[in-house]
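Architecture at a glance
Listed below are the residues making up each chain.
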Protein chains: 2
Amino acid sequence: MTEKKEKILESALELFANQGYTSTATSKIAREAGVSEGLIFRHFGNKAGLLRAIMEEGNRRLRELIAPVLAETDPAAVVQKTIEMPFGVPESEYDFWRLQFKLKWDEEYYNPDNIKPLTEKLVWAFTALNFEDPEMEAQLLVQYNDTIGVDMIRGVIRDRPAFKSFLLKKYEL
Amino acid sequence: MTEKKEKILESALELFANQGYTSTATSKIAREAGVSEGLIFRHFGNKAGLLRAIMEEGNRRLRELIAPVLAETDPAAVVQKTIEMPFGVPESEYDFWRLQFKLKWDEEYYNPDNIKPLTEKLVWAFTALNFEDPEMEAQLLVQYNDTIGVDMIRGVIRDRPAFKSFLLKKYEL
DNA sequence: GTCTATAGGCCGATAGAC
DNA sequence: GTCTATCGGCCTATAGAC
């Protein structure tokens, strides 16, 4: 990965996240990245290819975020780490995740398989913890985490530490 | 409201919801609605005006959905009705709500004030029910509802009645 | 008064040639 | 790294049908 190529991805990410994909011109991306417009097409073929590259990066980061939970062997810790997950995302990455969430609403880019391993791990954990309905608990928590992620990015949640402990307490952790 | 005008709104809604606002051409809307393209501009001024009209309808429907909860005087019933809310939305309206969720990501169209009355009502209810932290409970439930709305639209939730009772049980209702 | 058909101006974006 | 061909989308305008 060359430096210029990385700069293109970075600029595209910021612009796509804030102005939307279609309303961001490749010329604007090039200007922002300090490269010639042609270079974008050399590296990514077309504008859609650029978006695709960003999506792949998104899936990679999601797997990275989930990995520690999957590696966990203590059921209670699985639930706890899942809840804490969105709170651990640094603000510097919000642009990135905002774009990912946005793209989830475009059918062609939505891939539900990405979080399947997490759901399965949670089912296992809730079963081990003797919850009455592990499948539903797992589903609720996974989807709920999504919502929390959204709200964090939007800045809806004011007192984050308090909200986190509130949640942990709900699961008696 | 003439018939053609209504047909335009209908087609625009479907296309915006499924293909996105910017990537939907006014010519396509006209074709889908079986009207001349010029008519769109006669009725709505421009493309943004068309979207605005749809959004206004959205806020109206949201208020309609929330109204019964606000009218409720029994605290437990407030919580119960809130939980049941998303389950009562007919599938025929999913396009509509999908668009609303999608547009939440465009700052200019997102208006958080819409659900504020609901949150406040829930704070009141949870206080009356002696929950330890009414503000956070209210916030949590509102977010749950968002999550569930999203899941229903995506078709993630398979057994809806079961999931509904699962949630109600969580609040001991 | 609502609507269609058509024609076209304007703009900006993609893509690729050089 | 610039320049340009080409295309598509937004919107206006007009003349006239129902």
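The structure presented is a predicted model; accordingly, all values stated were derived computationally and were not measured.

The next point concerns the side chain of Thr82 of chain A. Within the secondary structure, Thr82 of chain A sits in helix α5 (residues 75–84). For Thr82 of chain A, the contacting residues outside a window of four places in its chain are Val69, Leu118, Leu122, Leu141 and Asn145 of chain A.

Here the focus is the relation of the copies chain B and chain A. Turning one copy of the chain about an axis and sliding it along that axis gives the other copy, so a rotation and a shift relate them. With an RMSD of 0.4 Å, the operation that places chain B on chain A is a rotation of 179 degrees combined with a shift of 0.4 Å along the axis. Viewed as a symmetry operation, the transformation between the two copies matches a two-fold axis. An overlap of 91% is found between the interface residues of chain B and their copies at the interface of chain A, pointing to a shared contact surface.

A few words on the confidence of the model for chain A. Residues with a pLDDT of 70 or more make up 99% of chain A, whose mean pLDDT is 90. Confidence, read as mean pLDDT per element, is least for helix α6 (residues 94–104) of chain A in chain A (87) and greatest for helix α7 (residues 116–128) of chain A (97).

Residue and element names in this part refer to chain A. Domain boundaries assigned for chain A yield domain 1 (1–45) and domain 2 (57–170). Relative to domain 2, the C-alpha centre of domain 1 lies at a distance of 30 Å. Facing the 6 residues of domain 1 at the interface are 5 residues of domain 2. When the two sides are added together, the surface that domain 1 and domain 2 hide from each other amounts to roughly 520 Å², 60% of it contributed by carbon and sulfur. Of all residues in domain 1, the largest losses of buried area upon contact with domain 2 belong to Leu13, Ala17 and Asn18, amounting jointly to 73% of the total for that side. At the boundary of domain 1 and domain 2, one finds 0 salt bridges. Counting across the domain 1 and domain 2 interface gives 2 residue pairs in polar contact (both at pLDDT 80 or more). Looking at the side of domain 1 that touches domain 2 residue by residue, the class counts come to 3 nonpolar, 2 polar and 1 charged.

Below, the discussion takes up the pattern of salt bridges. Evaluated as defined, the whole model comprises 20 salt bridges over all chains. Between Lys81 of chain A and Glu72 of chain A there is a salt bridge whose closest N-O contact spans 2.9 Å. Its relative accessible area of 35% is what places Lys81 of chain A among the partly exposed residues. Take Glu72 of chain A: its relative accessible area is 16%, and that puts it in the buried class. Between Glu137 of chain A and Lys170 of chain B there is a salt bridge, with its nearest N and O atoms 3.3 Å apart. Taken together, the positions of Glu137 of chain A in helix α8 (residues 134–154) and Lys170 of chain B in helix α9 (residues 160–170) put the pair across two chains. Judged by relative accessible area, which is 33%, Lys170 of chain B ranks as partly exposed.

Residues and elements named next belong to chain A. Running from N to C, helix α4 (residues 47–71) and α6 point in directions that differ by 105 degrees, and their axes come no closer than 10 Å. Compared by their axis directions, α4 and α6 come out roughly perpendicular. In this structure, α4 contributes Leu51, Ile54, Met55, Glu57, Gly58, Arg61, Leu62 and Leu65 to the contact, and α6 contributes Phe96, Trp97, Leu99, Gln100 and Leu103. In the contact of α4 with α6, the residues fall into 9 nonpolar, 2 polar and 2 charged.

For the rest of this paragraph, the subject is the UniProt feature "DNA-binding region" (unreviewed entry) in chain A. The residues that UniProt annotates with the feature "DNA-binding region" (unreviewed entry) are residues 25–44 of chain A. Counted over residues 25–44 of chain A, helix gives 80% and strand 0%. Its end C-alpha atoms are 15 Å apart.

What follows is about the interface of chain B and chain A. With 33 residues of chain B at the contact, the number on the chain A side is 32 residues. Three residues stand out in chain B for area buried against chain A, namely Trp105, Met136 and Arg154 of chain B, and they jointly supply 26% of the buried area on that side. The tally of links between chain B and chain A comes to 4 salt bridges. A salt bridge links Lys169 of chain A to Glu132 of chain B, with the shortest nitrogen-to-oxygen separation between them at 2.6 Å. At the junction of chain B and chain A, the tally comes to 10 residue pairs in polar contact (both at pLDDT 80 or more). The set of elements that each furnish at least two residues to the side of chain B that touches chain A consists of α6 (94–103), α8 (134–154) and α9 of chain B. Top element by residues in the side of chain B that touches chain A is α8 of chain B. It accounts for 11 residues. Classifying every residue of the side of chain B that touches chain A gives 13 nonpolar, 5 polar and 15 charged.

Another point: the UniProt feature "domain: HTH tetR-type" (unreviewed entry) in chain A. Feature annotation in UniProt places "domain: HTH tetR-type" (unreviewed entry) on residues 2–62 of chain A, given in this structure's numbering. End C-alpha atoms of residues 2–62 of chain A are separated by 23 Å, and the span's content is 80% helix alongside 0% strand.

This part takes up unusual backbone geometry. Phi is positive for Asn130 of chain B, which is not a glycine, with a value near 65 degrees. We note that Glu172 of chain B has phi near 55 degrees; this positive angle belongs to a residue other than glycine.

Another aspect to go through is the protein's contact with DNA strand D. All names here are of chain B. Looking at DNA strand D, the residues that line it are Thr24, Ala25, Thr26, Glu37, Phe41, Gly45, Asn46 and Lys47. Between DNA strand D and Thr26, the relevant distance is 2.6 Å, taken from a phosphate oxygen to a main-chain nitrogen or oxygen of the residue. Lys47 has a polar side-chain atom sitting 2.7 Å from a phosphate oxygen of DNA strand D. Here the residues of the surface near DNA strand D sort into 2 nonpolar, 4 polar and 2 charged.

What counts and what doesn't
Residues numbered from 1 in each chain as written. Chains lettered and ligands numbered in written order. Predicted model: local features only at pLDDT ≥ 70, side-chain atom pairs only at ≥ 80, totals over all residues. Heavy atoms only, no water. Helix = DSSP H or I, 4+ residues; strand = E, 2+ residues; numbered from the N terminus. Contact = heavy atoms within 4.5 Å. Least-squares fit on C-alpha atoms with pLDDT ≥ 70 in both. pLDDT = per-residue confidence, 0-100. Domains from an automatic or database assignment. Buried area = accessible area lost by both parts, 1.4 Å probe. Salt bridge = Lys/Arg side-chain N within 4 Å of Asp/Glu carboxyl O. Polar contact = N/O pair within 3.5 Å; in protein donor to acceptor, adjacent residues only side chain to side chain. Nonpolar A, V, L, I, M, F, W, Y, C, P; charged D, E, K, R; others polar. Buried < 20%, exposed > 50% of the residue type's maximum accessible area, 1.4 Å probe, protein only. Axes fitted to C-alpha atoms, helices over the stretch in contact; angles between N-to-C directions. Parallel < 35°, antiparallel > 145°, perpendicular 65-115°, else oblique. UniProt positions renumbered as here; feature names shortened; annotations may be inferred. Near = heavy atom within 4 Å.

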